[in-house]
Amino acid sequence: MAGRKAIVIIGGGVGGHSTATALSNALDPNAFTIQLVTQRPFFIHYPAMVRTVVTAEDHLERRVFTPYDKLFAPGKAGEVVIGTAESISDGEVTLDDGRKLRYDWLVLASGTKWEGPLDIPFTESEAGAWLDAWRSKISEARDIVIGGGGAIGIEMSGEIKHFYPNTNVTLVQSAQALLNDTYPMKFRTYTLNALQGVGVNVILDDKVDIPQEPYSSVTTHKGKTLKADLVIPTRGGRLNTDFIRSLDPSIVTERGTVKVLSTLQVPLSNGKTNVFAIGDIIEWKEQKQVAKISTHSSVLIANLLSAIKGSKGTKEYKGFMEGIAMPFGPDKGVGYVPLLWGIILGNWGTRTLKGKGLFIDLTRKSLNY
């Protein structure tokens, strides 16, 4: 590595691995090293994970978990480093096992840590056992309460009702409507009606906590008692950015997001411009979705390559439309496309867009599978 310029990318999700492969294809391996740091030896395609934890049908885990072994083309720069970033200093990343990785340019793509069934362990054997355990819990339960009425909770409720139609499913949402005000009320109401139409009970303007085991019921914050032999938290994840404060506390907000310029460069207090960020962690007013990552990546890659050449990056991220698709199994679901007057998708549109294939093949292709 001596004499070569070093690029370190922290995070093996869509933003991290797509940036790594693009840079690998663009740069001379005799002049650059590229290290992709990831906690797992396999990529997780999260848009398919709700169905994957609900059912063993089609054994989706065989395609949703994809190794990184084909990520970099033979002869190209690129190394996958399995480990967890513990701290960052100017020019160096320290992993939890003490390894130190030198960098000239750094890309932060550390993503989100999920809760409940989506909190996948770091080894393939542990992940398989985790899936088996959650699938058993869901299949054996007769009364399931879902805590959180965002996209994950909606999708989880619909998927469970598709594969286990005789199971009582209740979704509890703290707001007075499902989702959030990113989406128009007509779509939020349509989603409520669609969930109720497949047999999901929906309670709005209330909250539920995970009770201590063993339990046979759960009481909401407003005092409503619900039968429950399984409570699933779907309140969203926590940004994986605590370690980034060690580089510069000023760049991490109170909410855990990382401040970026429109070039996706991080405004370091020392004035340097060699750190970039991408994906869920950036401080940008938008919903955190995989669909936005390709646009993030195109901006970041163009500006990083400009920086490598000694020029100022000029490509700017200007946001992305707020669409969404939430399957209730492979054949039903709801979606929204913010074009024209705002297009609401029903069963056919959602099935065609996402429900049938869950974008699995497209994602595996990006990993050269």
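Since this is a predicted model, take the numbers as computed values, not measurements. (Residues numbered from 1 in each chain as written. Predicted model: local features only at pLDDT ≥ 70, side-chain atom pairs only at ≥ 80, totals over all residues. Heavy atoms only, no water.)

With 13 residues, helix 5 (residues 151-163) ought to run about 18 Å at 1.5 Å a step, and its terminal C-alpha atoms sit 18 Å apart, in line with that. Of all 13 residues in helix 5, 10 are buried, a share of seventy percent or more. Of all the residues in helix 5, the buried ones are Gly153, Ile154, Glu155, Met156, Ser157, Gly158, Glu159, Ile160, Lys161 and Phe163. (Helix = DSSP H or I, 4+ residues; strand = E, 2+ residues; numbered from the N terminus. Expected span 1.5 Å × (residues − 1). Buried < 20%, exposed > 50% of the residue type's maximum accessible area, 1.4 Å probe, protein only.)

Our focus in this paragraph is the sheet that holds strand 9 (residues 105-108). The strand order 5-2-1-9-18 describes an open sheet built from five strands, whose pairing is parallel. Each edge of the open sheet is held by one strand with a lone partner, namely strand 5 (79-82) and strand 18 (275-277). Recorded for the sheet is a direction-independent mean angle of 20 degrees between the axes of neighbouring strands. Running over the sheet, helix 7 (residues 293-308) touches strand 1 (5-10), strand 2 (32-38), strand 9 and strand 18 and is turned about 170 degrees from strand 9. (Pairing = 2+ DSSP bridges. Axes fitted to C-alpha atoms, helices over the stretch in contact; angles between N-to-C directions. Contact = heavy atoms within 4.5 Å.)

Most of strand 1 is tucked away, with five of its six residues classed as buried. Pairing geometry for strand 1 and strand 2, over six bridges, is parallel. Across the sheet, residue Ile9 finds its bridge partner in strand 2, namely Leu36. With four bridges joining them, strand 1 and strand 9 adopt parallel strand pairing.

What follows is about the nonpolar core. Counting 53 residues, the largest nonpolar core has Ile88, Val93, Leu106 and Leu108 as the members making the most contacts within it. Among the elements of the structure, strand 1, helix 1 (14-26), strand 2, strand 6 (85-89), strand 7 (92-95), strand 9, strand 18 and helix 7 are those that each provide at least two residues to this core. Sort the elements by how many residues they give to this core and helix 7 lands first, with six residues. Residues contacting Ile88, with those up to four places away along its chain left out, are Ile10, Val93, Tyr103, Leu106, Leu108, Phe243, Ile244, Ser246 and Leu247. Ranked by size, the runner-up nonpolar core spans 52 residues in total, among them Ile44, Met49, Ile138 and Val231. (Core = buried A, V, L, I, M, F, W, Y, C linked by side-chain atoms within 4.5 Å.)

Before going further, it helps to examine the packing of aromatic side chains. Summed over the entire model, instances satisfying the criterion amount to six aromatic pairs. Consider the rings of Phe42 and Phe65, whose centres lie 5.0 Å apart with planes at 45 degrees: the pair is tilted. Taken as a pair, Phe42 in strand 3 (residues 42-44) and Phe65 in strand 4 (residues 65-67) lie far apart in primary sequence, 23 residues in all. Phe65 carries the same exposure label as Phe42, and that label is buried. (Phe/Tyr/Trp six-rings, centres within 6.5 Å; stacked < 30°, edge-to-face > 60°.)

Secondary-structure assignment places Ala291 in the loop between strand 18 and helix 7. Distance in space between the C-alpha atoms of Ala291 and Tyr183 is 16 Å, their sequence separation being 108 residues.

With that settled, the discussion passes to the pattern of salt bridges. Applying the stated criterion to the full structure yields 15 salt bridges. Across the salt bridge formed by Lys272 and Asp90, the nearest N and O atoms sit 2.7 Å from each other. Highlighted residues: Lys272 in the loop between strand 17 (238-239) and strand 18 and Asp90 in the loop between strand 6 and strand 7, separated in sequence by 182 residues. By relative accessible area, Lys272 is classed as partly exposed at 38%. Between Asp143 and Lys227 there is a salt bridge, with its nearest N and O atoms 3.9 Å apart. Note that Asp143 is positioned in strand 11 (residues 143-147) and Lys227 in strand 15 (residues 225-227), a separation of 84 residues in sequence. Overall, Asp143 belongs to the buried group, its relative accessible area being 12%. Residue Lys227 is classed as exposed on the basis of its relative accessible area of 62%. (Salt bridge = Lys/Arg side-chain N within 4 Å of Asp/Glu carboxyl O.)

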